[in-house]
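# Summary of the model geometry
Below, each chain spelled out in residue letters.
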Amino acid sequence: MANPLSADTFLRALRNEGVSVVEVGNWRTHNRHGHGPWGPVHGVMIHHTVTKGTSATVRLCRDGHSTLPGPLCHGVVAKDGKVHLVGYGRANHAGLGDDDVLRAVIAEKRLPPDNEANTDGNRHFYGFECENLGDGRDPWPNVQLAAIERVSAALCRAHSWTERSVIGHLEWQPGKVDPRGFTMDWMRGRVRDRLK
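Residues numbered from 1 in each chain as written. Predicted model: local features only at pLDDT ≥ 70, side-chain atom pairs only at ≥ 80, totals over all residues. Heavy atoms only, no water.

## Examining the environment of R150
- Residue position: R150 is located in helix α4 (residues 142–159).
- Linking R150 and G168, residues 18 residues apart in sequence, is a C-alpha distance of 15 Å. (Helix = DSSP H or I, 4+ residues; strand = E, 2+ residues; numbered from the N terminus.)

## What about the pairing of strand β6 (residues 82–85)?
- Pairing analysis gives 4 bridges linking strand β1 (residues 20–23) to β6, with the strands arranged parallel. Counted as the bridge partner of V21 is V83 from β6.
- Between strand β5 (residues 75–77) and β6, which pair antiparallel and follow one another directly, the connecting turn spans 4 residues, one of which, G81, has a positive phi of 90°. (Pairing = 2+ DSSP bridges.)

## Observations concerning unusual backbone geometry
- The omega angle of the peptide bond from G39 to P40 is 0°, so this bond is cis rather than trans.
- Mapped onto the fold, P40 is located in the loop between β1 and β2 (43–48).
- The peptide bond linking D178 to P179 adopts the cis configuration, its omega dihedral lying at 0°.
- Mapped onto the elements of the fold, P179 is located in the loop between β10 (166–168) and α5 (184–195).
- Backbone geometry places V50, a non-glycine residue, at a positive phi of 60°.
- In this fold, V50 is placed in the loop between β2 and α2 (54–63).
- By relative accessible area, which is 54% here, V50 ends up exposed. (Buried < 20%, exposed > 50% of the residue type's maximum accessible area, 1.4 Å probe, protein only.)

## Thoughts on the nonpolar core
- Counting residues in hydrophobic clusters, the biggest one holds 35 residues, and the most contacted among them are F10, I46, Y126, F128 and I148.
- Those elements giving two or more residues to this core turn out to be α1 (7–16), β2, β6, β9 (125–130), α4 and α5.
- The element that contributes the greatest number of residues to this core is α4, accounting for 8 residues.
- The residues touching F128, leaving out its near neighbours within four places in the chain, are F10, V44, M45, I46, H47, C73, G75, V77, V83, V151 and L155.
- Residues L102, V105, F125 and W172 belong to the second largest nonpolar core, which totals 10 residues. (Core = buried A, V, L, I, M, F, W, Y, C linked by side-chain atoms within 4.5 Å. Contact = heavy atoms within 4.5 Å.)

## A short note on α1
- For α1, the complete set of buried residues consists of A7, F10, L11, A13 and L14. Buried residues of α1, seen end-on, are gathered within an arc of 160° and therefore sit on one face of the element.
- Following α1 by one or two positions, G18 adopts a phi angle in the positive range, close to 90°. (Arc of directions from axis to C-beta.)

## Considering the sheet that holds β5
- With respect to topology, 6 strands assemble into an open sheet ordered β1-β6-β5-β9-β2-β10, the strand pairing being mixed. Where the open sheet ends on each side, the last strands, each with one partner, are β1 and β10. For this sheet, the mean angle separating the axes of adjacent strands, direction not counted, is 30°.
- In the sheet, β2 pairs with β9 via 6 bridges, with the strands oriented parallel. Across the sheet, residue M45 finds its bridge partner in β9, namely G127.
- Along the sheet face, α5 touches β2 and β10 and points at about 160° away from the line of β10. (Axes fitted to C-alpha atoms, helices over the stretch in contact; angles between N-to-C directions.)

Dropping the structure here:
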């Protein structure tokens, strides 16, 4: 069980890992507090946005839309590898997911299949939306993949977690497919190597 990092410690962890950070507006206090708890945190969740264009993607992830208020994540990993911080605290990114998956993340064990949506993930995961159409054809530039690896490793390092604390949305919530275009086992391998 881990308390969420303070916003300043979160920022410092990302920068210490070599992440190129863009701070967007009042990101430190932009959250969904009052709509449920934030923490304890147990891991990092990776998503794709199904959007094109960094400015529009960052705006959407910061502000949300008519049926889902923002922030929709903590950071947006752009195609150029920059990570735009849009919120901090509870964010609308994970939704309801599988309690068996959460137990596996906490124990840092291999994930079981996600077949339930009975547990609030917004309180338990840092979330990063990655700019990509999610169609399996939109490329993932090397600098973007490196940034995903770095943000994941930064938070694992800060909390003394292993790569097993990094999951994809598709591993949390039945019916989700993101991120599409690389496997989470492959990304966890990169995080594991980085943490050595």
